[in-house]
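Tertiary structure, described
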Amino acid sequence: MSIDTHQSGETHPARPRARALIAGNWKMNKLPSEAAAWLRELQAALPAGAASGGSAKAELLVLVPFTHLPGMAKLAFGTGIGVGAQDVSSHASGAYTGEVAGPMLRDAGATYVIVGHSERRAYHHEDDTLVNAKVKAATAAGLVPILCVGESRAERDAGAASTVVLAQLAGALEGLDLANPAALVVAYEPVWAIGTGLTATADDAQEMSAVIRDALRERYGAVGDEVRVLYGGSMKPSNAAELMSKPDIDGGLIGGASLAVSDLLAIAEAAA
Ligand code: PGA
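Report on the accompanying structure.

The rules behind the values
- Residues numbered from 1 in each chain as written.
- Predicted model: local features only at pLDDT ≥ 70, side-chain atom pairs only at ≥ 80, totals over all residues.
- Heavy atoms only, no water.
- Pairing = 2+ DSSP bridges.
- Helix = DSSP H or I, 4+ residues; strand = E, 2+ residues; numbered from the N terminus.
- Axes fitted to C-alpha atoms, helices over the stretch in contact; angles between N-to-C directions.
- Contact = heavy atoms within 4.5 Å.
- Near = heavy atom within 4 Å.
- Polar contact = N/O pair within 3.5 Å; in protein donor to acceptor, adjacent residues only side chain to side chain.
- Areas by Shrake-Rupley, 256 points an atom, 1.4 Å probe, with all protein chains shown as cover.
- Nonpolar A, V, L, I, M, F, W, Y, C, P; charged D, E, K, R; others polar.
- Buried < 20%, exposed > 50% of the residue type's maximum accessible area, 1.4 Å probe, protein only.
- Phe/Tyr/Trp six-rings, centres within 6.5 Å; stacked < 30°, edge-to-face > 60°.
- Lys NZ or Arg CZ within 6 Å of the ring centre and 35° of its normal.

All right, on to the sheet that holds strand β8 (residues 185-188) then. By definition, the strands of a sheet pair up through backbone hydrogen bonds, in either a parallel or an antiparallel sense. Spatially, 8 strands are ordered β3-β4-β5-β6-β7-β8-β9-β10 in a closed barrel, and the strand pairing comes out parallel. Direction aside, neighbouring strands of the sheet carry axes that sit 25° apart on average. One ladder, built from 4 bridges, connects strand β3 (residues 20-25) with strand β10 (residues 251-254); its direction is parallel. Following the sheet pairing, I22 is matched in β10 by G252. Here helix α2 (residues 69-76) sits on the sheet and contacts β4 (58-63) and β5 (82-85); the angle it forms with β5, its principal contact strand, is near 165°.

Our next topic: the site of the ligand. Lining the immediate surroundings of the ligand are 13 residues, of which K27, H117, E189, G195 and S234 lie closest. Within the backbone of S234, one N or O atom sits 2.7 Å away from an oxygen atom of the ligand. Taking 280 Å² as the accessible area of the ligand by itself, protein coverage stands at 96%. Tallied by class, the residues present in the shell around the ligand amount to 4 nonpolar, 7 polar and 2 charged.

Along the chain, the position of D225 falls in helix α9 (residues 222-226). For D225, a relative accessible area of 15% translates into the label buried. Beyond its immediate stretch of four places on either side in the chain, D225 contacts R15, P16, R213 and R217.

We now examine the packing of aromatic side chains. One pass over the structure, following the stated rule, counts 2 aromatic pairs. Judged by centre distance (4.8 Å) and plane angle (90°), the ring pair of W26 and W38 falls under edge-to-face. Of this pair, W26 sits in the loop between β3 and α1 (32-45) while W38 is found in helix α1, placing the two residues 12 residues apart along the sequence. W38 shares its class with W26; the two are buried. The ring of W26 carries the charged tip of K30 above its face, separated from the ring centre by 5.4 Å. In this structure, R153 packs its charged tip against the face of W192, placed 4.6 Å from the ring centre.

Written as structure tokens, this is what we have:
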């Protein structure tokens, strides 16, 4: 039995682990027509019989712009490759021009949605209260939120990484009940590592994932043990295996490297 040692010095017995989740976040890249070609290429490269869930080692998911959703969901149907969105309105319907609601995403074929990505926190001023409302809106619509948390470089340098991440987590999960561990994913994405080519060391990423794991366990008991915690921030084929070999890292949220099928597949192969 493997024992992981946490920052606090506490040890925890091995926890049950779900299959790794490899989620590509395309951000605002690719046209819908290019998306179709990407999906066909991915499908062609997957081993035969993988239709029950992408690659045998990992669950594959791609998070696309709203405009791509219906087409991608249709193409991906039956392939085992999941399709999701990058944001969701905190409202279920109504006079909110430009917003897209959870039930619309679900109806268009999405199963997952990113909530609280650092780019939305930074450029669209999303705070923990709004992120919390979006997590609840996603859940109410039957979508699995991929909740992003992570500290800035300055916060890390000030020794505040855990404090910041724990506050984001507490704010986002306030009032959220969780009976099924598959109904929530948390992505630890240090802001300074996103799109920069800089990656957290596997040990630092594990340390923060263990902090997140402890908080999930405290909030949800045994259910928190099985919630998947992903790492995101310049994950690529060359660092994926080491990151995902860590006891509390259950996959990746991959931006830049998800645009090329070969890179995403190599990362999926690296999932232990
Ligand atoms: P990156 O982005 O892999 O390009 O750093 C990750 C993310 O923002 O989810």
